[in-house]
Structure formats: structure tokens, C-alpha cells
Amino acid sequence: MLYLVPLLLGLHAGITPPPRPVKVVTSLTTYAAIAREIVGDRGQVNSIAVGDENPHYVQPKPSFVPLLADADVFVTTGLDLELWVPALLDKAGNSRVTEGGP
């Protein structure tokens, strides 16, 4: 019985914890649907716009800032479609999701 303890401790030391779930934030619900298909159960996907909200006129809310601050990936159209995005990214201060970031 005593010889099992070192064996079990050795096996336990070789086990690595599962990777942290990836956090994806999208500007539009269409992108969120695509991201959910890609990410599956390996992460969490949130969309800033809801339903069929016009992407030009999304009202930036303070509650969006923490979503972007914790995000690993941000999916947006760009091309000045979502004029509200730069202000949110600026407030979030997350270098992982800013333009030109990693």
C-alpha cells in the first residue's frame, strides 16, 4: 500500500490543468453565432449588439467595458461600420483586443 503513494503523487504531478476557456466578444450577433460554432465548449462567446440591432447605432454601455477588458479575442467588422467600437476598446484598456495588438 505504501508504494502506491509515491506512484499516485508522481502521476498527479504530471497532470496539467485544463486550459483556460477562451473569451470571445463580438460586435454583432452574426459573428457571435459563427464564433460559438468555432469555439464550442472550449470558451465563452458574448455579443455586444443584440437581435437585429443596427450596427451603426449600438449604444455603448458601461457594462460592455468589462466584457472587452476580459476578452481574449474581439471580432468586429471594422471599416468604420461600428463607429462606437474605438471608444469601448479605449475604455477597456485590453491590449489583446486592440487594433495592432497580439
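What you see is a predicted model, and the numbers here were worked out from it, not measured in a lab.

Novice: What's the story with the pairing of strand 2 (residues 43–47) in this structure? I'm lost.
Specialist: Look at any regular strand and the pattern is simple: side chains alternate between the two faces of the sheet. Relative to strand 2, strand 1 (residues 22–26) is paired through five bridges, and the arrangement is parallel. Considered in strand 2, the bridge of V22 is made with G43. In the classification by handedness, the crossover that spans strand 1, the intervening helix 2 (residues 29–39) and the parallel strand 2 is right-handed.

Novice: Any chance you could explain the environment of R36 here in plain terms?
Specialist: Structurally, R36 can be placed in helix 2. Among the residues examined, R36 registers a relative accessible area of 43% and is labelled partly exposed. A sequence separation of twelve residues divides R36 from V24, and the C-alpha atoms of the two residues are 8.9 Å apart.

Calculation notes
Residues numbered from 1 in each chain as written. Predicted model: local features only at pLDDT ≥ 70, side-chain atom pairs only at ≥ 80, totals over all residues. Heavy atoms only, no water. Pairing = 2+ DSSP bridges. Helix = DSSP H or I, 4+ residues; strand = E, 2+ residues; numbered from the N terminus. Right-handed = clockwise from strand over helix to strand, strands pointing away. Buried < 20%, exposed > 50% of the residue type's maximum accessible area, 1.4 Å probe, protein only.

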